[in-house]
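Single-letter residue listing:
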Amino acid sequence: QPLTNEDQLQWPPYADRQGFLSIGNFRHAPNWDQVLCLKTQIWPAIRRCMPHATLSVFGAYAPQKAMQLHSPKDGFLVL
């Protein structure tokens, strides 16, 4: 069912939200490219500005190379 304005009024304001999320099937090569780019280029810049931020990466068929990017100390979580 579509979201309504009333639904949106129940959401916490942006200032109170935490964390980032990425979803994608790892059998689709561009999704792997995106996760690798996030980890190596984008995520370090975000963490410099937001040292306690976390990114949860969800995706079916995660290969070992994706799981090796999992780093709780860096807030980069491959789940």
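Details of the structure are given in the entry above.
Residues numbered from 1 in each chain as written. Predicted model: local features only at pLDDT ≥ 70, side-chain atom pairs only at ≥ 80, totals over all residues. Heavy atoms only, no water.

## Concerning the overall build of the protein
Check the secondary structure of the protein and you find 3 helices and 3 strands. Walking the protein from its N terminus toward its C terminus, one meets helices and strands in the order α-β-α-β-α-β. Relative to the globule expectation of 12 Å for 79 residues, the C-alpha radius of gyration of the protein, 15 Å, shows a markedly less compact shape. Taken along its principal axes, the extent of the C-alpha atoms in the protein is 40 × 30 × 15 Å. Relative to its full complement of 79 residues, the protein shows a buried share of 25%. Across the protein, contacts joining residues at least 24 apart in sequence account for 54% of those joining residues at least 6 apart. In the structure as shown, the protein presents an accessible area of about 6000 Å², 57% of it carried by carbon and sulfur atoms. (Helix = DSSP H or I, 4+ residues; strand = E, 2+ residues; numbered from the N terminus. Rg over C-alpha atoms; globule rule 2.2 N^0.38 Å. Buried < 20%, exposed > 50% of the residue type's maximum accessible area, 1.4 Å probe, protein only. Contact = heavy atoms within 4.5 Å. Areas by Shrake-Rupley, 256 points an atom, 1.4 Å probe, with all protein chains shown as cover.)

## Some thoughts on the pattern of salt bridges
Within the structure shown, the criterion is met by 2 salt bridges. A salt bridge links Lys73 to Asp74, with the nearest nitrogen and oxygen atoms 3.4 Å apart. Lys73 sits in the exposed class, given a relative accessible area of 69%. Each of Lys39, Lys73 and Asp74 takes part in a single network of salt bridges with overlapping partners. (Salt bridge = Lys/Arg side-chain N within 4 Å of Asp/Glu carboxyl O.)

## Examining the sheet that holds strand S3 (residues 76-78)
Reading across the sheet, the 3 strands line up as S1-S2-S3 and stay open at both edges, with parallel pairing between neighbours. Every interior strand has two partners, whereas the edge strands, strand S1 (20-23) and S3, have only one. Neighbouring strand axes in the sheet, compared pairwise and without regard to direction, differ in orientation by 15° on average. In this sheet, strand S2 (residues 55-58) lies alongside S1 in parallel orientation, the contact comprising 4 bridges. Along S2, the bridge assignment pairs Ser22 with Val57. (Pairing = 2+ DSSP bridges. Axes fitted to C-alpha atoms, helices over the stretch in contact; angles between N-to-C directions.)

## Examining the packing of aromatic side chains
Across all of its chains, the model carries 2 aromatic pairs by this definition. Considering the side-chain rings of Phe20 and Trp43, the 5.7 Å spacing of their centres and the 80° angle between planes classify their relative orientation as edge-to-face. Taken together, the positions of Phe20 in strand S1 and Trp43 in helix H2 (residues 29-49) put the pair 23 residues apart, joining distant regions of the chain. Judged by its relative accessible area of 34%, Phe20 falls in the partly exposed class. For the ring pair Trp43 and Phe76, a centre distance of 6.5 Å and an interplane angle of 65° mean the geometry is edge-to-face. Of this pair, Trp43 sits in helix H2 while Phe76 is found in strand S3, placing the two residues 33 residues apart along the sequence. An aromatic cluster of three or more residues is present, and its members are Phe20, Trp43 and Phe76. (Phe/Tyr/Trp six-rings, centres within 6.5 Å; stacked < 30°, edge-to-face > 60°.)

## Some details on a nonpolar patch on the surface
A surface patch of nonpolar side chains, amounting to about 430 Å² of accessible area, comprises Leu21, Ile23, Phe58 and Leu79. Mapping Phe58 onto the fold places it in strand S2. Judged by its relative accessible area of 36%, Phe58 falls in the partly exposed class. (Patch = residues over 30% accessible without salt bridge, like charges linked within 9 Å, V, L, I, M, F, W, Y side chains within 5 Å.)

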